[in-house]
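Listed below are the residues making up each chain.
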Amino acid sequence: MTSAVEHLDVLIIGAGLSGIGAAHHLQRAFPARTYAILEARAAIGGTWDLFRYPGIRSDSDMFTLGYRFRPWLGDKAIADGPSILDYVRETAAEAGIDRHIRFGHRARRAEWSSDEQRWTVTARRADTGDTVTLTANFLFCCSGYYRYDQGYTPDFVGRDRFEGTIVHPQHWPRELAVEGKRIVIIGSGATAVTLGPALTALGAHVTMVQRSPSYVLSVPARDAVADRLRRMLPSRAAYTLARAKNIAYSTAIYQLCQRRPERMRAWIRGLQQHWLPEGYDIDTHFAPRYNPWDQRMCLVPNGDLFRAIRKGALEMVTDDIDAFTATGLRLSSGAELPADIIVTATGLDLLIFGGIELAVDGAPVDVPKAMAYRAMMLSGVPNFAYIIGYTNASWTLKADLVCEYIVRLLRHMDARGYAAVTPVRDESVGTTAFLPNFSAGYVLRAADRFPAAGDRTPWRLHMNYLRDLPAFRYRRIADRALRFTSVARRAAAHSAS
């Protein structure tokens, strides 16, 4: 005898920030619908549970990184990782979402059947190694876009010769002692500029080695406007206004960077001169070759990175690495950097859809050859959606919009008796990069793993929340790019069999 395969209305992949948000939107809109969340790890939180390195914090303000439906009530606008993790877990617990999570279930394959108009998903259980099979009407992938089991580390010459400790921030050892240690951080992104001052606060002397600089901008750790609004208004109203203010401000900064890059370079430099010691070599260490926001800008609360430099606890070195030595690093300039610990804050290794193999009617889905519909669905793949956030703003801003759209899409299908929806690619639409105008190394390394974007709506990707908002929240669902299939077809297929 075999047990019946469990069937769900919606299957969500991932119990991180996106997955918990998706579940909240779904069960609030459709309380009678059945759903489950498959989570490969043993805990809620995704990124915020995985990353445990010193100083981990948000790289967006919490009034936009927080959910639209649940106010962020913390004191800090740039919040620490544990506080964000608590926020995500409390959101899940308050709504009862945690009861729908299947921990230790890594989704391996999902195949759509047009005859049955449903997905069959197989997952591997971490505790037993068994394969679990479920079916679902709709598959919602909320697994982010990078690998959780490994980060990206270049093949450094002589790495095996180093006699100290080498650590990647994605897998920070809980017991690692840093007080009094000489620590070299390789990298210039958000992780590196977060780790640097945090390690100096723990008593380490830190040298940050970067091949090329990033834009680093100091922001207040607390939002003064939000604090005043909280004193005057109920928490939800204050949160809504603070969120709107920050969306408008960040959008304006991004647009100015795109349209007036030289002026914004000068503005950023002026702010840095205010924080750094007089005569500091900004042109070497804080003046990137690219324009502002061609890569993600690094935010440091209350200038903590600059403060550490002023105190002499942190040194910036801009040079290429020639090789690891037994006692540290040798640079291309010939300089030697002694180290007890080397931190390879060298980026992420991207993994689309959590590595799930997709198939439609037995044919594998070649993701790079598909086209992204509104950057949340794939051409030729029915009843499938995913969340990939903005590169120039908070991830959750896009996640909330996608969830709102999926709710509207499901209501539209219910009202008209549709069982399936498939984006259909128009061959006259030209292709562009999935993440345009964004030159971060981790994205360029994985460009061939992403679907294509189109050169016109609704296939074109906009990194602009204010432009996306009316399209996702209010514009009519049905358009020429979507093909709907009725429930009657599914019934007919079952009758014929």
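None of the values given here were measured: they were computed from a predicted structure.

Trainee: How would you sum up the packing of helix α11 (residues 395-416) against helix α13 (residues 465-473)? Please name residues and give values.
Mentor: Packing of α11 against α13 leaves a shortest axis separation of 9 Å and a crossing angle of 15 degrees. As far as their axial angle goes, α13 and α11 are roughly parallel. Here the hand of the crossing between α11 and α13 comes out left-handed. For the pair formed by α11 and α13, the contact residues are Leu 397, Lys 398, Leu 401, Val 402, Glu 404, Tyr 405 and Arg 408 on the first element and Tyr 465, Asp 468, Leu 469, Ala 471, Phe 472 and Arg 473 on the second. By residue class, the composition of the contact of α11 with α13 is eight nonpolar, no polar and five charged.

Trainee: Account for α13, naming residues and giving values.
Mentor: Within α13, the full set of buried residues consists of Tyr 465, Asp 468, Leu 469, Ala 471, Phe 472 and Arg 473. N-capping of α13 is provided by Asn 464, with a side-chain oxygen placed 3.1 Å from the backbone N of Leu 466.

Trainee: An account of the environment of Met 377 is requested, with residue identities and associated values reported.
Mentor: Note on placement: Met 377 falls in strand β20 (residues 377-378). Met 377 sits in the buried class, given a relative accessible area of 0%. As for Met 377 and Pro 423, which are separated by 46 residues in sequence, their C-alpha atoms are 7.2 Å apart.

Trainee: Can you break down the packing of aromatic side chains residue by residue, with the values?
Mentor: Tallying each qualifying case throughout the model produces 24 aromatic pairs. Here the aromatic rings of Phe 63 and Tyr 239 are separated by 6.2 Å at their centres, their planes lie at 45 degrees, and the arrangement is tilted. Separated by 176 residues along the polypeptide, Phe 63 in helix α3 (residues 62-65) and Tyr 239 in helix α7 (residues 235-259) bring together distant segments of the chain. Of the two residues, Phe 63 and Tyr 239, both sit in the buried class. Here a set of aromatic residues connected by ring pairs shows up, and it is made of Trp 112, Trp 119, Phe 353, Phe 384 and Tyr 386. The ring of Phe 30 has Arg 33 sitting right over it, with the charged end atom 4.3 Å from the ring centre.

So, how was this worked out
- Residues numbered from 1 in each chain as written.
- Predicted model: local features only at pLDDT ≥ 70, side-chain atom pairs only at ≥ 80, totals over all residues.
- Heavy atoms only, no water.
- Axes fitted to C-alpha atoms, helices over the stretch in contact; angles between N-to-C directions.
- Helix = DSSP H or I, 4+ residues; strand = E, 2+ residues; numbered from the N terminus.
- Parallel < 35°, antiparallel > 145°, perpendicular 65-115°, else oblique.
- Left-handed = near helix turned anticlockwise from the far one by under 90°.
- Contact = heavy atoms within 4.5 Å.
- Nonpolar A, V, L, I, M, F, W, Y, C, P; charged D, E, K, R; others polar.
- Buried < 20%, exposed > 50% of the residue type's maximum accessible area, 1.4 Å probe, protein only.
- Polar contact = N/O pair within 3.5 Å; in protein donor to acceptor, adjacent residues only side chain to side chain.
- Phe/Tyr/Trp six-rings, centres within 6.5 Å; stacked < 30°, edge-to-face > 60°.
- Lys NZ or Arg CZ within 6 Å of the ring centre and 35° of its normal.

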